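Structural overview for review
So the chains spell out like this:
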Amino acid sequence: MTVRVLTEQDWPAAARLYAQLNTKASFVADAEAQANFAKVLRHDGTFVYGALLNGEVQAMATLHLMPNVTYGGRPYGLIENVVSDKAARGLGLARAVMKAAIEEAWLANAYKVMLLTGQQNEAVGFYEKMGFSSDEKIGMILRRP
């Protein structure tokens, strides 16, 4: 297994994984989505890590390092879009991309790393094993109608 930051050339694999991310119609693998992927990759402070198995991207996670005023100006990390290919789950690939994202955040002197996951999502236990906790904060979402 290899973990690295994804590039625009990884779009086909990333599109396959984004499609598996959830069952809602939140992703369509079209030219606009490909352009948005490139935009994310170019965004300062954003890293999309991929875990490759036999040369193929099988898992990914996005880290956004956000500038901050409190905590002495130290940034905070936000992890989004963690996904493993359904056929490659249980191999430690998601754990590997999460570890890479967290290490990047600590290297940037982030004071915390946050993420949200669905309430009915079996991934809660996975994130807890990675050290995340829901004891301190409550995540809330406001979606545009």
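Rules of the game
- Note on numbering: residues in each chain are counted from 1, in written sequence order.
- Where totals are concerned, whole chains, interfaces and linings use all residues; where local detail is concerned, this predicted model gives features only for residues with pLDDT of at least 70, and gives and counts side-chain atom pairs only at 80 or more.
- The basis for every side-chain value is the complete set of non-hydrogen atoms in the structure, without hydrogens or water.
- Helical segments are the DSSP runs of H or I of at least four residues, strand segments are the runs of E of at least two, and each set is numbered from the N terminus.
- A simple rule labels every residue: compare its accessible area, found with a 1.4 Å probe on the protein chains alone, to the largest value its type can have, and call it buried under 20%, exposed over 50%, or partly exposed in between.
- Using a 1.4 Å probe, the Shrake-Rupley method yields the accessible areas, and only the shown protein chains count as cover for residues.
- In this charge count, Lys and Arg are treated as positive and Asp and Glu as negative; neither His nor the chain ends contribute.
- Charge positions come from single atoms, namely NZ of Lys, CZ of Arg, CG of Asp or CD of Glu.
- Paired strands, as defined in this entry, are two strands with at least two bridges between them according to DSSP.
- The axes are straight lines fitted to the C-alpha atoms, using for helices just the contacting stretch, and the angles between their N-to-C directions are given from 0 to 180°.
- Any two residues whose heavy atoms approach within 4.5 Å at even a single point are treated as in contact.
- Salt bridges are defined by distance alone: a side-chain nitrogen of Lys or Arg within 4 Å of a carboxyl oxygen of Asp or Glu.
- Working rule for angles: under 35 degrees goes down as roughly parallel, over 145 as roughly antiparallel, 65 to 115 as roughly perpendicular, anything else as oblique.
- Residue polarity is assigned by list, with Asp, Glu, Lys and Arg as charged and Ala, Val, Leu, Ile, Met, Phe, Trp, Tyr, Cys and Pro as nonpolar; anything else, Gly included, falls into the polar class.

Looking at an unreviewed UniProt entry, one finds the chain named GNAT family N-acetyltransferase, with Cognatishimia activa as its source organism.

When its secondary structure is counted, the chain shows four helices and five strands. In the chain, the succession of α and β elements from N to C terminus is β-α-α-β-β-β-α-β-α. Seen through its principal axes, the chain has C-alpha atoms that stretch 40 × 40 × 30 Å. In the chain, which comprises 145 residues, the share counted as buried stands at 36%. If you sum the accessible surface of the chain, you get close to 9,500 Å²; carbon and sulfur atoms cover 52% of it. Here the chain contributes 15 positively and 14 negatively charged side chains, and the mean placements of these two sets differ by 3 Å.

This part covers the sheet that holds strand β2 (residues 46-53). With mixed pairing, the five strands of this open sheet are ordered in space as β1-β2-β3-β4-β5. Across the chains shown, the open sheet's two edge strands, defined by having one partner strand only, are β1 (2-5) and β5 (113-115). On average, adjacent strands in this sheet sit at an angle of 25 degrees to one another, irrespective of strand direction. With eight bridges joining them, β2 and strand β3 (residues 56-66) adopt antiparallel strand pairing. Within β3, the position partnered with phenylalanine 47 by the bridge is leucine 63. Running at roughly 80 degrees to β3, helix α1 (residues 11-21) makes contact with β3 and β4 (76-84) of the sheet. Packed onto the sheet, helix α3 (residues 93-107) meets β1, β2, β3, β4 and β5 and runs at close to 25 degrees relative to β3.

This next bit is on the pattern of salt bridges. Counted by the stated rule, this structure contains three salt bridges. Measuring nitrogen to oxygen at the nearest pair gives 3.8 Å for the salt bridge that ties glutamate 8 to arginine 42. Taken together, the residues span a long stretch of sequence, with glutamate 8 in the loop between β1 and α1 and arginine 42 in helix α2 (residues 31-42) at a distance of 34 residues. Here glutamate 8 falls in the partly exposed class, since its relative accessible area comes to 41%. Its relative accessible area of 58% is what places arginine 42 among the exposed residues. Between arginine 16 and aspartate 85 there is a salt bridge, with the nearest N and O atoms lying 2.5 Å from each other. Taken together, the residues arginine 16 in helix α1 and aspartate 85 in the loop between β4 and α3 connect sequence positions 69 residues apart. On the accessibility criterion, arginine 16 (29% relative accessible area) is partly exposed.

At a minimum axis separation of 11 Å, α1 and α2 run at an interaxial angle of 105 degrees. When the axes of α1 and α2 are compared, the pair comes out roughly perpendicular. Contacts from Trp11, Ala14 and Tyr18 in α1 reach Ala33, Gln34 and Phe37 in α2. Among the residues forming the contact of α1 with α2, the class breakdown is five nonpolar, one polar and no charged.

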